[in-house]
Each structure stands twice: as C-alpha cells, then as structure tokens.
Amino acid sequence: QERLVESGGGLVQPGGSLRLSCAASGFTFFSDWHMNWYRQAPGKERELVAAISSSRIGNITKYIDSVKGRFTISRDNTKNTVYLQMNSLKSEDTAVYYCNAILTGMTLHDYWGQGTQVTVSS
C-alpha cells in the first residue's frame, strides 16, 4: 500500500532554514512518479509550492514565484525520498506542508501525506 510520510517541519525564526523530507513506501518504480510539495496556510487554499518531474523525463523542477531562489526541491530515488530545502524563510511561509505523488498513464494515481507544520516566527 502506497504511503507518504513527511518530516522536518517545526518552528524557525525569519531568515532561517528547514529541510522537509517525504519518505515514500509501497511505490513501484518511485522514480516514475511526479512529486510535489503543497502548502496550506490558515484560511487559505492549498497551493502548489514546488514540483519535480519523473526521473524518466529529467527531474524537471518548478516553483511558485514567491519561493524561487529560496526553496529547492530534490529527490533521491535510492531512498524513495523527496526533499524541500527551504532557506531565507519568511513569516508568510508559515503553513502545513504536504507531499503529493502523481503517476499519469491509463489512469491517474494520486497520493498525499499527512502534512508537516512549518511555523516561521520570532
């Protein structure tokens, strides 16, 4: 059974850094999956923060404008894990961060983790 488990969240001061991890289990050929990090702040809609494509098409990465140059998404297929390195954190980055895995093909496969809280505050 497919499962995603996020870790690495916590409380950090503005300007600080955190690295989130998303460990995937039960996935066949993890490298084929597109992996995403979403976040949801209180009272706001969930938004896609960063994405990394399947390794079959070259691990292409994309980011929302507000995190470009500060966040980096990466994957280690040997560990079935995707990371989100977050630097120069701002108060507006405070949210619950969710890992998402998508596999496209004849049918769409879509899985979510339980989320990890990131709080940026002095």
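Rules used in this analysis
Residues numbered from 1 in each chain as written. Predicted model: local features only at pLDDT ≥ 70, side-chain atom pairs only at ≥ 80, totals over all residues. Heavy atoms only, no water. 1 Å grid on protein atoms, 1.4 Å probe; cavity = no way out; pocket = protein on both sides within 12 Å on 5 of 7 lines; lining within 4 Å. Points joined across faces, edges and corners; volume = space filled by probe spheres on them. Nonpolar A, V, L, I, M, F, W, Y, C, P; charged D, E, K, R; others polar. Buried < 20%, exposed > 50% of the residue type's maximum accessible area, 1.4 Å probe, protein only. Helix = DSSP H or I, 4+ residues; strand = E, 2+ residues; numbered from the N terminus. Pairing = 2+ DSSP bridges. Salt bridge = Lys/Arg side-chain N within 4 Å of Asp/Glu carboxyl O. Axes fitted to C-alpha atoms, helices over the stretch in contact; angles between N-to-C directions. Disulfide = S-S within 2.5 Å.

## Notes on the layout of surface pockets
Looking at the largest pocket, its volume works out to about 180 Å³. What lines the largest pocket is simply R39, A41, K44, E45, E47, S66, R70, K90, E92, D93, T94 and A95. When the residues that make up the lining of the largest pocket are grouped by side-chain class, the tally is 2 nonpolar, 2 polar and 8 charged.

## Looking at the pairing of strand β1 (residues 3-7)
Alternating positions in β1 separate cleanly, L4 and E6 being buried on one face and R3, V5 and S7 remaining unburied on the opposite face. Strand direction decides the pairing type here: β1 and strand β3 (residues 18-25), joined by 5 bridges, are antiparallel. Residue pairing for β3: R3 is matched across the bridge by S25.

## Some details on the pattern of salt bridges
Counted under the stated rule, the structure contains 5 salt bridges. Ionic pairing is found between R39 and D93, a salt bridge with its closest N-O pair at 3.0 Å. Of this pair, R39 sits in strand β4 (residues 34-40) while D93 sits in the loop between β8 (81-86) and β9 (95-103), and the two are 54 residues apart along the sequence. Summarising the burial analysis for this pair, R39 and D93 share the class buried.

## Section: the sheet that holds β3
With respect to topology, 4 strands assemble into an open sheet ordered β1-β3-β8-β7, the strand pairing being antiparallel. Each of the sheet's edge strands pairs with one partner strand only, and the pair in question is β1 and β7 (71-76). Taking each pair of neighbouring strands and ignoring which way they run, the sheet shows an average axis angle of 15°.

## Topic: the state of the cysteines
Throughout the structure, instances matching the rule amount to 1 disulfide. The partner cysteine of C22 in its disulfide is C99, sulfur to sulfur 2.1 Å. Measuring handedness by torsion sign, the sulfur bridge of C22 and C99 sits at about -80° and is left-handed. On the criterion of sequence distance, the pair formed by C22 in strand β3 and C99 in strand β9 is long-range, its members being 77 residues apart. Looking at C22, the relative accessible area reads 0%, which means it is buried.

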